[in-house]
Amino acid sequence: MKKVVILISGRGSNMEAILRAQPPVEFAAVISNKADAAGLETARAHGIPTAVLSHKGFDSREAFDAELARLIDGYTPDLIVLAGFMRILSEGFVRHYEGRMINIHPSLLPAFTGLNTHARAIDEGCKLHGCTVHFVTGELDHGPIIAQAAVPVLNDDTPETLSARVLVQEHRLYPEAVRWFAEDRLSLLDGKVRVRLDTVDPSASLRFPA
Ligand code: GRF
């Protein structure tokens, strides 16, 4: 069984969705850079070992990332899952976990990298918005896309209502992606992810307004 380490900084709702979905993996640990991350309590309630490594007190990003990597590697994980881990990662850290670190971002990448994605999608008048699970590369919120889910943007949406609608999809998409990794259904070809699924519907589409 593949071993997974999840990194969080806050509420950890994606982490919880993944734990609840019970993909065929061993959850080795949940690690937070913030001692007061609510998700730590949730992880403990699921019986998962937790660890905290505060980024404060380190001289540089590289020094913190090196210590974090040491902590992570102590659990010998096959996959690192970033679930609301609010840190920019150094180049060396990303390279060390190339092909085995994934992230969820609340937009349909490559649109809206960075922060405030929901407000920006509303400002641009997007009719569809969503979330993306991707392998992590050196460029922030870039990297080979594993899966995406789209939701409609409604006329009276606020960033809050839109974010809540996207989050429902995040909680479905991310556990699935972890399961695919666990089942060896993901492969990288020319920098693109192939997902091997038993059935796909090539006529499926999401259109809004319909
Ligand atoms: C989510 O919106 C996720 O897309 C982004 O950070 C947020 C984390 O939320 N990367 P949670 O901690 O999983 O509830």
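Residues numbered from 1 in each chain as written. Predicted model: local features only at pLDDT ≥ 70, side-chain atom pairs only at ≥ 80, totals over all residues. Heavy atoms only, no water.

## A look at the domain arrangement of the chain
- Assigned domains within the chain: domain 1 (1-97) and domain 2 (103-210).
- A separation of 21 Å is found between the C-alpha centroids of domain 1 and domain 2.
- Every contact between the two is made by 19 residues of domain 1 and, on the other side, 17 residues of domain 2.
- Between domain 1 and domain 2 the total buried area reaches about 1,600 Å² when both faces are included, carbon and sulfur atoms providing 71% of it.
- Summed over the three residues of domain 1 that lose the most area to domain 2, namely Lys2, Asn14 and Leu82, the buried surface amounts to 31% of that side.
- The tally of links from domain 1 across to domain 2 stands at one salt bridge. (Domains from an automatic or database assignment. Contact = heavy atoms within 4.5 Å. Buried area = accessible area lost by both parts, 1.4 Å probe. Salt bridge = Lys/Arg side-chain N within 4 Å of Asp/Glu carboxyl O.)

## Section: the pattern of salt bridges
- A full pass over the atoms with the stated rule returns nine salt bridges.
- One salt bridge connects Glu41 with Arg44, and the closest N-O pair in it is separated by 3.0 Å. Taken together, the positions of Glu41 and Arg44, both in helix H2 (residues 38-45) and three residues apart, correspond to about one turn of that helix.
- Note on Arg44: relative accessible area 42%, which makes it partly exposed. (Helix = DSSP H or I, 4+ residues; strand = E, 2+ residues; numbered from the N terminus. Buried < 20%, exposed > 50% of the residue type's maximum accessible area, 1.4 Å probe, protein only.)

## Overview of the sheet that holds strand E7 (residues 145-152)
- A sheet is described by the order of its strands in space; here seven strands give the open sequence E3-E2-E1-E4-E5-E6-E7, paired in mixed fashion. Single-partner strands in this sheet number two, and they are strand E3 (50-52) and E7. Each strand axis lies, on average, 20° off the axis of its neighbour in the sheet, ignoring direction.
- Here helix H6 (residues 159-182) sits on the sheet in contact with strand E1 (2-8), strand E2 (25-32), strand E4 (79-82), strand E5 (101-105), strand E6 (128-135) and E7, set at roughly 155° to E7. (Pairing = 2+ DSSP bridges. Axes fitted to C-alpha atoms, helices over the stretch in contact; angles between N-to-C directions.)

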